[in-house]
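Structure assessment
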Amino acid sequence: MSQDIRALVTESCDLLALGEPTHQEPAFGRIRNELVAQLVESGFRSIALETDRVAAFAVDDHVRHGTGSLDQVLRDGFSHFGDLDANRRLVAWLREYNRDRPAPEHVAFHGFDAPTDNTSAPSPRAFFEYARDYLDLDLDVAAVAGDDHRWSRQEAILDFTESMGATPEAERLRPIGADLLTRLHARAPELIARSSPAEWHRARAHVDAGLGLLDYHWQAARPLGQSDRICLLLATRDAWMARNLRDIRSVEAERGPTLVFAHNAHLQRNPSAWRMGDRSADWYGAGAIVDSLRLDDYVFVAGSLGRSAALGLGEPAPDTFEGALQRRVTDWGLVPAGELPPAATRTDTVPQQGYFPLEQATVDRADVILHVTG
């Protein structure tokens, strides 16, 4: 058992995926921050969190250039979890670290998630308008997209008959998005010379987000049962997250490795699963997709939790993975996954905790386990 992640990560690691088994236990954010400081010392120059990629540009501007106040970027730069104390401390630490260092040594902040919630997704209008303005085009995207509220309401995702995905507005927006992407690439030498590589990549990220939203709404328009609908939307989101990770790595590859932090379900190599009553879904998370492409040396650290007052989670049964880790770890620790013998999956959790217990398939395909005793 160790609390130094550098002792367990290979020198060839390009993408270190640090998972948490639930978003509701604050200890994981605190430990993540400790590990960030270790990894930065060993050459990591970027971190990617489970938050909207486009919104996160505001956070990156703050930590690298001092743009905006801490309160402002926590409010506007996070689509998820901006109010967590651990994220406030992380952003403040990154800003202080970067403050007096040259740009090549800065630690960059990225989001790799989609600009969606589980039950809603916005209009692509604003994303296409950003790229339109960067390209200096005369194009009325708002007139084509129509009322933003029609896109963002919950019914547009939960009820296929209310979806915007198969409407005339969506059909007219698709070629607009494709044309914006083509123009960005066709004019890349001119545009980058006029602005910068970072600004060009930011414009492309906006177009990618707009096209991703059109795809998400299109999937929501399919007439499926609830389980099939949930499975399709979860798979669509994670495929989108995987593309974002690949784009982030294309930007960061020459500067150093990237730490990505998210729920285990998004990062584990084995298929992810969700169950609630008679509804269920099985899909591949972003980590499984990225690892299968073999474009980076991917290392997965699976998060594990013993007990938690925040979740109302009690002590795990002795024959479970968490029970075995409780006997081995004090406070928190990192354990090579190959050292864990077979064990049972704990059954004392409820869906409201958002806790996904360790399973044999997850442990078998993890590199390291981060266990928090609670």
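Counting of residues starts from 1 at the beginning of each chain's written sequence and follows it residue by residue. At least 70 in pLDDT is required for a residue's local features to be given in this predicted model, at least 80 for side-chain atom pairs to be given and counted, and no such filter applies to totals for whole chains, interfaces and linings, which use all residues. To get the side-chain values, all heavy atoms of the structure are used, and hydrogens and water are removed first.

**Focus: the packing of aromatic side chains**
Paired rings are identified among Phe, Tyr and Trp, the last through its six-membered ring, by centres lying within 6.5 Å, and are further divided according to the angle between planes into stacked (under 30 degrees), edge-to-face (over 60) and tilted (the rest). Enumeration over the complete set of coordinates arrives at 2 aromatic pairs. A centroid spacing of 5.3 Å and a plane angle of 20 degrees characterise the contact between tryptophan 93 and tyrosine 97, whose relative ring orientation is stacked. Of this pair, tryptophan 93 and tyrosine 97 both sit in helix α4 (residues 85-98), 4 residues apart, which is roughly one turn of that helix. For tryptophan 93, a relative accessible area of 33% corresponds to the partly exposed category. Two thresholds decide whether a charge sits over a ring: the Lys NZ or Arg CZ must be within 6 Å of the ring centre and within 35 degrees of the ring normal. The positively charged end of arginine 101 is found above the aromatic ring belonging to tyrosine 97, 3.7 Å away from the centroid. Across the ring face of tyrosine 134, the terminal group of arginine 194 is positioned such that the distance to the ring centre comes to 5.6 Å. Note on conventions: DSSP H or I runs of at least 4 residues are helices, E runs of at least 2 residues are strands, and numbering of each starts at the N terminus. For every residue, the accessible area (1.4 Å probe, protein chains only) is compared with the maximum for its type, and the residue is labelled buried under 20%, exposed over 50%, or partly exposed between those bounds.

**Quick notes on the sheet that holds strand β1 (residues 15-20)**
Read across the open sheet, the 7 strands follow the order β3-β2-β4-β1-β7-β9-β8; overall the sheet is mixed. Whereas interior strands pair on both sides, the edge strands pair on one side only; in this sheet they are β3 (108-113) and β8 (332-336). Mean inter-strand twist for the sheet, computed between neighbouring axes without regard to direction, equals 25 degrees. Here 4 bridges tie strand β2 (residues 46-52) to strand β4 (residues 258-263), and the two strands are oriented parallel to one another. Bridging across to β4, alanine 48 finds its partner in valine 260. Here, strands pair whenever DSSP counts at least two bridges between them. Every axis in this analysis is a line fitted to C-alpha atoms, fitted for helices over the stretch in contact. Angles between the N-to-C directions lie between 0 and 180 degrees.

**Observations concerning the pairing of β4**
Within a regular strand, side chains alternate between the sheet's two faces. For β4, the tally of buried residues reaches 6 of 6 residues, placing the bulk of the element in the interior. Of the strand pairs in this sheet, β1 and β4 are connected by 6 bridges, and their pairing is parallel. If you follow glutamate 20 over to β4, its bridge partner there is histidine 263.

**Focus: the environment of tyrosine 130**
When you line up the elements, tyrosine 130 lands in helix α5 (residues 125-135). Residue class for tyrosine 130 comes out partly exposed when judged on its relative accessible area of 35%. The contact partners of tyrosine 130, leaving out residues within four places of it in the chain, are Arg202, Ala203 and His206. Only heavy atoms enter the contact rule, under which two residues are in contact if any of them lie within 4.5 Å.

**Section: the layout of surface pockets**
Using a grid of 1 Å spacing that covers the protein atoms alone, one calls a set of points a cavity when a 1.4 Å probe fits there but cannot get out, and a pocket when the set is open and has protein on both sides within 12 Å along at least five of seven lines; lining residues are those with an atom within 4 Å of a point. Grid points are joined across faces, edges and corners, and a volume is the space filled by probe spheres set on the points. The volume enclosed by the largest pocket comes to roughly 1400 Å³. Along its surface, the largest pocket is lined by 48 residues, and Leu234, Ala273, Trp274, Trp283 and Phe356 are the ones closest to its centre. Contributing elements (two or more residues each) for the lining of the largest pocket: α8 (155-158), α12 (226-252), α13 (264-267), β5 (272-276) and β6 (279-283). Sorting elements by how many residues they give to the lining of the largest pocket places α12 first, with 6 residues. Only Asp, Glu, Lys and Arg are considered charged in this grouping, and only Ala, Val, Leu, Ile, Met, Phe, Trp, Tyr, Cys and Pro are considered nonpolar; every other residue, Gly among them, is considered polar. Of the residues assigned to the lining of the largest pocket, the class counts are 19 nonpolar, 21 polar and 8 charged.

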